[in-house]
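# Observations on the three-dimensional arrangement
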Amino acid sequence: MNGGTDNWQRVHPASPFVRGWLALAALFFFFGRDAAERLLRGGPVFDERFAGRAPWLLLGGGTMLLLVVAGFVLSWYFTRYQVAGGFVRVTTGVLVKQHRQARLDRVQAIDVVQPLLARIFGLAELRFEVADAGQSAVHLAYLRVAEARRLRAAILDAAVLDAAVGEAALRGAAGQAAAVPVARGHDAQVPAALPGPDAPAEPPERPVLTVPPRRLAGSLLLSEQAVVLLLGAATSVLLAAFTENRSFSFYLVPAGIGILAGFWAPFSKGYNFTAAASQAGIRLQYGLLDTLAQTLPPGRIQALRISQPPLWRPLGWYRIQVNVAGYGTPGQDGQRSARTTLLPVGTLQDVTALLDLVLPDGAARPGSDQSFAAEAEGPDAHAVLAAGLSGLAPAARIQARRDPAHPTGSDDGGFTTTPRRARLLAPLGWRRNGFAVTGSALLIRTGRWWRHLTVVPHGRTQSIALHQGPVARRFGVVDLVLHTTSGPVAPRVIQAGLAEGRALLLAQAAHLSPKPQPVGNPAEDPQEGPQHG
């Protein structure tokens, strides 16, 4: 698949057929629809008039088929990619050229995507996610699965070294000893060319968790959408039974189709969900028909949210969603909701295992002795996490709600909660809403019935701000908003006491330190994204 000199390569020859199979299906449907209808009615496949039109139909169909195939071949011929000089570049287009490139040291994540047809041919697509790209900066479709994995492993190994260099530079700026040299440069960390067939495969991984299909199906049946659909179906049945108007029952057919479609999409995307840890980062793999393998390099998760709907509470299930630079918000792409889900449904043990990987000091290092609980401040670190998830601290740590010594808030299992004077703003949730600070992250808990625990690692916040409206000013409370990369998680400390909010603002601002920039002239660095010519 060599495309010439300068390390330019071509994708697999079957790539345009995998991408454009729908055009071939539409062509066969257009010319075979009449014959299929006659066959279903029990008539002959070809009628008497076909004999006179057969040469023209064959000529027209053959011409269109040749044009489609020729377009596929030209599309493959003019699609080339290159990994060199610290960049991945993809060139496409026959008449209108399009060039896309991304700096490898800015790659946030690399996904290996296999649609159903690509799996049949043994092919895979690489998606490079770059910070602030808004969408995938580069799509490389399609390569052989083994080749795609080798390329991903080489780039992610470079990303791990680049992240280690950045951490060493930050520690050096703080007066700590650096474990690795801080000299940076594109060619020093990224592969100069594509890995060959003898290149080592992906590094070994340590399995962390697997979501059983039965648990995934149960979580969907106990979701809020399932309850709403069930109530709607029951209402239609009751109205049809107790009234003479039977038209309500006709709504059950489209409602049933909608229910099946609504459950099939998340079940298909979350099927066989597995998480593992390796030197390259956190590896996620899931999918029933279309499979997707994600690898998140260490330290690239900007924020995460642990959620627990009311119906999951008796079973002790949780969901984790994350903000990753480059993925954007779930609304931008139907598949982004699955790609920003770190855990579709899991137990408390699963949540703790993933927290140990996500937090910066113990991120994705197999055999690491550090954990979330070990990094928390104070002797009751496990109680802090338990209080954040359930909102109930051990009895020994719960103070009297009417304690006059704490007029602006109370220490609830390590969490500073909303002051009692502001309980009218959240009658049910004022004892639940609160925050806690550990050695590695800020924890924010909200919601009395729909419980949420947001974890923001220190140093991952882009900016912070205090918000106070006229009503909040009247009760002496403020909201602290933390701005991270776009995604499903929006960190916000709500209805904190004024003094506590200001103190938290100053404490979090101390973690906002400028990151070291690569050595070199910024004007010489081309920008990521599409370029048309």
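Residues numbered from 1 in each chain as written. Predicted model: local features only at pLDDT ≥ 70, side-chain atom pairs only at ≥ 80, totals over all residues. Heavy atoms only, no water.

On a regular strand, one side chain projects to one face of the sheet and the next to the other, so that they alternate. The element strand β19 (residues 451-457) is extensively covered by neighbouring structure, given that six of its seven residues are classed as buried. In terms of strand pairing, strand β12 (residues 301-308) meets β19 through five bridges, oriented antiparallel. Considered in β19, the bridge of isoleucine 306 is made with leucine 453. Looking at chain direction, strand β18 (residues 441-446) and β19 are connected through six bridges and run antiparallel. (Buried < 20%, exposed > 50% of the residue type's maximum accessible area, 1.4 Å probe, protein only. Helix = DSSP H or I, 4+ residues; strand = E, 2+ residues; numbered from the N terminus. Pairing = 2+ DSSP bridges.)

Now for the sheet that holds strand β8 (residues 206-210). The strand order across the open sheet built from seven strands is β7-β6-β5-β11-β10-β9-β8, with neighbouring strands paired in antiparallel fashion. Strands at the two margins of the open sheet, each flanked by one partner only, are β7 (138-144) and β8. Sheet twist, expressed as the mean angle between neighbouring strand axes with direction ignored, is 20°. One ladder, built from five bridges, connects strand β6 (residues 123-130) with β7; its direction is antiparallel. Within the sheet, the bridge partner assigned to alanine 124 lies in β7 and is leucine 143. The strands that helix α11 (residues 348-358) touches are β8, β9 (274-278) and β10 (281-286); relative to β8, the one it contacts most, it runs at about 140°. (Axes fitted to C-alpha atoms, helices over the stretch in contact; angles between N-to-C directions. Contact = heavy atoms within 4.5 Å.)

A word on the confidence of the model for the protein. Mean pLDDT over the protein works out to 76, with 68% of the residues at or above the 70 mark. Mean pLDDT values for the elements of the protein range from 43 in helix α6 (residues 186-189) up to 95 in strand β21 (residues 477-483). Note that residues 173-190 has pLDDT below 50 and, in this model, 37 contacts with residues that lie over four places away or in other chains. Residue range residues 516-527 is modelled with pLDDT below 50. Its contacts to residues more than four positions away, or to other chains, number 13 contacts. (pLDDT = per-residue confidence, 0-100.)

Take the nonpolar core next. Residues Ile306 and Ile320 are the most contacted members of the largest nonpolar core, which totals 43 residues. With five residues, the top contributor of residues to this core is α11. In this structure, Tyr81, Ala124, Val145 and Ala148 belong to the second largest nonpolar core, which totals 24 residues. (Core = buried A, V, L, I, M, F, W, Y, C linked by side-chain atoms within 4.5 Å.)

Strand order in the open sheet formed by three strands is β20-β21-β22, with antiparallel pairing between adjacent strands. Of all strands in the sheet, those bounded by a partner on one side alone are β20 (463-467) and β22 (492-497). Within the sheet, the average angular offset between the axes of one strand and its neighbour, ignoring direction, is 20°. Strand direction decides the pairing type here: β20 and β21, joined by five bridges, are antiparallel. Residue pairing across strands places alanine 465 opposite valine 481, the latter belonging to β21.

Residues Leu116, Ile120, Phe121, Trp264 and Leu289 make up a contiguous nonpolar surface patch of roughly 510 Å² in combined accessible area. For the nonpolar patch, the element with the most residues is helix α4 (residues 116-121), which contributes three residues. Inspection of the secondary structure puts leucine 116 in helix α4. (Patch = residues over 30% accessible without salt bridge, like charges linked within 9 Å, V, L, I, M, F, W, Y side chains within 5 Å. Areas by Shrake-Rupley, 256 points an atom, 1.4 Å probe, with all protein chains shown as cover. Salt bridge = Lys/Arg side-chain N within 4 Å of Asp/Glu carboxyl O.)

Another point: the pattern of salt bridges. Applying the stated rule across the entire model yields six salt bridges. With a closest N to O distance of 2.0 Å, glutamate 129 and arginine 339 form a salt bridge. Taken together, the residues glutamate 129 in strand β6 and arginine 339 in helix α10 (residues 336-339) connect sequence positions 210 residues apart. Arginine 339 carries the same exposure label as glutamate 129, and that label is buried. Among the ionic pairs, aspartate 350 bridges to arginine 215, the shortest N-O distance being 3.3 Å. With aspartate 350 in helix α11 and arginine 215 in helix α7 (residues 213-221), this residue pair connects regions lying 135 residues apart in the sequence. With a relative accessible area of 17%, arginine 215 lands in the buried category.

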